[in-house]
Amino acid sequence: METRWATVDGVTLELPADSTVSELRDALYKPDDAALVAVTGDLVSVVHDEDRPLSELVAGCAETYYFRRPDGPERNGVLAAPELEDALDGSTEHRGDAETTFQRPGIDH
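The structure presented is a predicted model; accordingly, all values stated were derived computationally and were not measured.

Here we come to the overall build of the chain. Regarding its fold elements, the chain presents two helices and six strands. Its helices and strands taken in sequence order, the chain reads β-β-α-β-β-β-α-β from the N to the C terminus. Scored against the burial criterion, the 109 residues of the chain give a buried share of 37%. In the chain, once contacts between residues fewer than 6 apart in sequence are set aside, the share between residues at least 24 apart is 62%. Counting every atom, the chain has about 6,200 Å² of accessible surface; 47% of that belongs to carbon and sulfur.

Enumeration according to the criterion identifies seven salt bridges in this entry. Measuring nitrogen to oxygen at the nearest pair gives 2.8 Å for the salt bridge that ties Asp9 to Lys30. Here Lys30 lies in the loop between α1 (21–27) and β3 (35–40) and Asp9 lies in the loop between β1 (3–8) and β2 (11–16), a separation of 21 residues in the sequence. Given the relative accessible area of 22%, Asp9 is considered partly exposed. Lys30 gets classed as partly exposed once you look at its relative accessible area, which sits at 25%. Here Asp49 and Arg52 are joined by a salt bridge, their closest N and O atoms 3.7 Å apart. Overall, Arg52 belongs to the partly exposed group, its relative accessible area being 32%. Connected through salt bridges with shared partners, the residues Asp9, Lys30 and Arg75 form a single ionic network.

Assignment of secondary structure puts Asn76 in the loop between β5 (64–68) and α2 (82–88). One polar contact links Asn76 to Tyr66, side chain to side chain, over a distance of 3.1 Å. A polar side-chain atom of Asn76 sits 3.0 Å from the main-chain amide nitrogen of Val78.

Moving on, we come to the sheet that holds β3. Pairing within the open sheet is mixed, and its six strands lie in the order β2-β1-β5-β3-β4-β6. Looking at strand neighbours, the two that pair on one side only are β2 and β6 (99–103), the edges of this open sheet. Across the sheet, the axes of successive neighbouring strands diverge by a mean angle of 30°, strand direction being ignored. Bridging between β1 and β2 involves six bridges; their strand directions are antiparallel. The residue of β2 that forms the bridge with Val8 is Val11.

What counts and how
Residues numbered from 1 in each chain as written. Predicted model: local features only at pLDDT ≥ 70, side-chain atom pairs only at ≥ 80, totals over all residues. Heavy atoms only, no water. Helix = DSSP H or I, 4+ residues; strand = E, 2+ residues; numbered from the N terminus. Buried < 20%, exposed > 50% of the residue type's maximum accessible area, 1.4 Å probe, protein only. Contact = heavy atoms within 4.5 Å. Areas by Shrake-Rupley, 256 points an atom, 1.4 Å probe, with all protein chains shown as cover. Salt bridge = Lys/Arg side-chain N within 4 Å of Asp/Glu carboxyl O. Polar contact = N/O pair within 3.5 Å; in protein donor to acceptor, adjacent residues only side chain to side chain. Pairing = 2+ DSSP bridges. Axes fitted to C-alpha atoms, helices over the stretch in contact; angles between N-to-C directions.

Structural data, given as structure tokens:
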């Protein structure tokens, strides 16, 4: 199994390339209600399909991941983005999508 380095909640770790959100959450002792937020260059992805390998998603290319709990603290600009709240609100707009991706806050194009 191929591995790669990424930062998860501020800690640099070696992660299996084909891991799932569920596997990461269990391995890192994160709460069941914590959503995975991935930062890839100028994109942010929120993973909804927790059993799909990250390597099949935009989130699989991320250098930085955060686990965010409902009503969790806004530790940085990414976790404070209004688009993140929209992606996490459980609306029908994102139901059935494996992930929701949006422009990273503070990046001008």
